[in-house]
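The lines below spell out each chain.
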Amino acid sequence: MKFEYTDGCNMDFVELCHELDDFLNKAAGGEEIRAEYIPYNKLDDIHDVVVAYVESGDGEAIPAGCASFKKYDEKCAELKRVFVREEFRGRGISKKLLNIMEDSAKKKGFEYLILETGEVLTNAMALYRKTGFEVFPNYGPYKCMADSVCMKKKL
């Protein structure tokens, strides 16, 4: 397994984000239900990205998962677009992606990582709690979104 630092223009990252959106649409009950979230998940302003690759039997590097963050304010980086393809889950990829994002955010001078998720995403909620994130009041565009759960972790 290898991890590649890149940006929001990386085509493997873009493809994984499309798969994440499909996954979220199914989990939430359709794109219409998620419509208010879509503007906050654009890739234009995401510059810190890691894509995880798993080697296939013939030596090809297959994109297995991704994670990113963007500046929220001077102290906080917002974790975005964390996803691992279903066939690669259970291998510790998501934990490694989170560790890489935490280290990178810390090196850039951020004191906290924040994120938005939802109770319907039980595996994501469990992962974030297990890795030290705690629920805190909804922030920014998520303040009035009843289905949002916002979490924070001190780096």
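About the criteria used
Residues numbered from 1 in each chain as written. Predicted model: local features only at pLDDT ≥ 70, side-chain atom pairs only at ≥ 80, totals over all residues. Heavy atoms only, no water. Helix = DSSP H or I, 4+ residues; strand = E, 2+ residues; numbered from the N terminus. Rg over C-alpha atoms; globule rule 2.2 N^0.38 Å. Contact = heavy atoms within 4.5 Å. Expected span 1.5 Å × (residues − 1). Buried < 20%, exposed > 50% of the residue type's maximum accessible area, 1.4 Å probe, protein only.

(A) Seen up close, the overall build of the protein. From N to C terminus, the protein includes four helices and seven strands. Counting from the amino terminus, the protein carries its helices and strands in the arrangement β-α-α-β-β-β-α-β-α-β-β. In summary, the protein has a C-alpha radius of gyration of 15 Å against a globular reference of 15 Å for 155 residues, a match within 12%. Dimensions of the protein, computed from the C-alpha atoms along their principal axes, are close to 50 × 40 × 30 Å.

(B) Structural view of the environment of V49. Mapping V49 onto the fold places it in strand β2 (residues 48-55). With 17 residues separating them along the chain, V49 and C66 place their C-alpha atoms 7.2 Å apart. Setting aside residues up to four positions removed in sequence, V49 forms contacts with E4, Y5, T6, D7, G8, F13, A67, S68 and M101.

(C) Representation of helix α3 (residues 93-107). The end-to-end C-alpha distance of α3 is 21 Å, a good match for the 21 Å that 15 residues give at a rise of 1.5 Å each. Along α3, the residues classified as buried are I93, L97, L98, I100, M101, E102, S104 and A105. Remark: G109 follows α3 within two positions and exhibits a positive phi of approximately 95°.

In short, geometric facts, not functional conclusions.
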